[in-house]
Amino acid sequence: MKWTRPAKVPFPSVWHRFQARAPSSKQLVWYTVQDLPEDRFEDAIRHMCDYFARDELMNQAKGLARDLIAMGDVVALWKAMLPDRLSLVCFREGSDEIVGVNVLDVASKSDKDDGRFNSAIFQAIYDTIEYVSHQAKIFDRYGVDHYLNAMGLSVDPKYRGRGIATEILRARIPLCRAVGLKLSATCFTGPSSQTAATRVGFQEDFTITYGELARVNRRFCYPGIEENYCKYMSLRVD
């Protein structure tokens, strides 16, 4: 049976508040990380298309944002995930501008590997993530049936360099506690997100270079980033 968010957990809820610099300023301002409201789903997808699809390391190497079919695939996946009411959005307090987004859902031990897409580009990216997650053996390693999973973490470029991604990841902790999940685990694909995850306390379960991935399967070839690492990382939530 598909995991669902407990009805007793209010939606949308604010999970985290923190201070960081404002854009183009050294002034500290307050930010909130909360559930992504349903009336902002389309805005969040637009944000992910504008920034994550273009800037994330694997997407960039494969040219995802330049392929309309691939973009249709990833948008369809995000639209399927958002109704689970687990995705997070960061706002600067006093503004409704989206600062960052983390698209989240629950991975379950009973899930079947049935991700089939129209684009060879996105199919290769999705299958790479599936391969890395299987090598991490999360369900067996931690003895869980479900965990909080992600398919994209993005921060608006003008807010980068302020630790926003770290704070969005930190908000997963109270979210997991509230909805009864004991673990959050994700494929972190680039140095910035890996550093943010480490700061929050995520541990490496499986690490491989992109050059090594290309030797596993020629479809897992990511030109120009062969020396970079792809890491599956997890965080226990007590």
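Everything quoted here is computed from the prediction, not taken from an experiment. (Residues numbered from 1 in each chain as written. Predicted model: local features only at pLDDT ≥ 70, side-chain atom pairs only at ≥ 80, totals over all residues. Heavy atoms only, no water.)

This part takes up the pattern of salt bridges. Applying the stated criterion to the full structure yields 14 salt bridges. Its salt-bridge partner being Glu38, residue Arg85 comes within 2.8 Å of it at the nearest N-O pair. Of this pair, Arg85 sits in the loop between helix H3 (68-81) and strand S3 (88-92) while Glu38 sits in the loop between strand S2 (28-35) and helix H1 (41-55), and the two are 47 residues apart along the sequence. For Arg85, a relative accessible area of 32% corresponds to the partly exposed category. Across the pair Asp55 and Arg160 runs a salt bridge, and its minimum N-O distance is 3.0 Å. With a gap of 105 residues between them, Asp55 in helix H1 and Arg160 in the loop between strand S5 (146-155) and helix H6 (164-170) connect regions that are remote in the sequence. According to the relative accessible area criterion, Asp55 is partly exposed, its value standing at 24%. Take Arg160: its relative accessible area is 36%, and that puts it in the partly exposed class. Each of Arg40, Asp43 and Arg46 takes part in salt bridges that share partners, so that together they form one network. (Salt bridge = Lys/Arg side-chain N within 4 Å of Asp/Glu carboxyl O. Helix = DSSP H or I, 4+ residues; strand = E, 2+ residues; numbered from the N terminus. Buried < 20%, exposed > 50% of the residue type's maximum accessible area, 1.4 Å probe, protein only.)

Looking now at the pairing of S5. Within S5, nine of the ten residues are buried, which leaves it mostly tucked inside the rest of the structure. Here strand S4 (residues 98-108) runs beside S5; their pairing, made up of eight bridges, is antiparallel. Paired with Asn102 across the strands is Leu153, a residue of S5. (Pairing = 2+ DSSP bridges.)

Turning our attention to the UniProt feature "domain: N-acetyltransferase" (unreviewed entry) in the protein chain. Listed under "domain: N-acetyltransferase" (unreviewed entry) in the UniProt record, and renumbered for this structure, are residues 148-192. From the first C-alpha to the last, residues 148-192 spans 20 Å; its make-up is 38% helix and 31% strand. (UniProt positions renumbered as here; feature names shortened; annotations may be inferred.)

What follows concerns the packing of aromatic side chains. In total, this model carries ten aromatic pairs according to the counting rule given. Seen in terms of ring centroids, Phe18 and Tyr31 are 5.3 Å apart; in terms of plane orientation they differ by 10°. Their pairing is stacked. You can see Phe18 sitting in strand S1 (residues 14-21) and its partner Tyr31 sitting in strand S2, a full 13 residues away along the chain. With a relative accessible area of 6%, Phe18 lands in the buried category. On the accessibility criterion, Tyr31 (0% relative accessible area) is buried. Pairwise contacts between aromatic rings join Phe18, Tyr31 and Tyr159 into one cluster. Note that Arg17 overlies the ring of Trp30, its terminal NZ or CZ placed 4.2 Å from the centroid. The positively charged end of Lys62 is found above the aromatic ring belonging to Tyr222, 4.9 Å away from the centroid. (Phe/Tyr/Trp six-rings, centres within 6.5 Å; stacked < 30°, edge-to-face > 60°. Lys NZ or Arg CZ within 6 Å of the ring centre and 35° of its normal.)

This brings us to the packing of H1 against H3. As a packed pair, H1 and H3 sit with axes 11 Å apart at the nearest point and diverge in direction by 140°. Considered as vectors, H1 and H3 are oriented oblique to each other. Relative to H3, the crossing made by H1 is right-handed. Counted together, Glu42, Ile45, Met48, Cys49, Phe52 and Ala53 of H1 and Met71, Val75, Trp78 and Lys79 of H3 form the full contact between these two elements. Taken together, the residues of the contact of H1 with H3 sort by class into eight nonpolar, no polar and two charged. (Axes fitted to C-alpha atoms, helices over the stretch in contact; angles between N-to-C directions. Parallel < 35°, antiparallel > 145°, perpendicular 65-115°, else oblique. Left-handed = near helix turned anticlockwise from the far one by under 90°. Contact = heavy atoms within 4.5 Å. Nonpolar A, V, L, I, M, F, W, Y, C, P; charged D, E, K, R; others polar.)

Time to look at the layout of surface pockets. Which parts of space are left empty comes out when a probe the size of a water molecule is rolled across the atoms. In this structure, the largest pocket spans a volume of roughly 900 Å³. Lining the largest pocket are 34 residues, and of these Asp105, Val106, Ala107, Asp111 and Tyr126 lie nearest its centre. For the lining of the largest pocket, the secondary-structure elements that each account for two or more residues are H3, S4, helix H4 (120-136), helix H5 (138-142) and S5. Broken down by element, the lining of the largest pocket gets its largest block of residues, five residues, from H4. Considering only residue class, the lining of the largest pocket consists of 17 nonpolar, six polar and eleven charged. (1 Å grid on protein atoms, 1.4 Å probe; cavity = no way out; pocket = protein on both sides within 12 Å on 5 of 7 lines; lining within 4 Å. Points joined across faces, edges and corners; volume = space filled by probe spheres on them.)

What follows is about the side chain of Thr186. Along the chain, Thr186 falls in strand S6 (residues 183-188). Look at Thr186 and you get buried, because its relative accessible area is 4%. For Thr186, the residues in contact, after removing those within four places along its chain, are Asn149, Ala150, Arg172, Lys231, Tyr232 and Met233.

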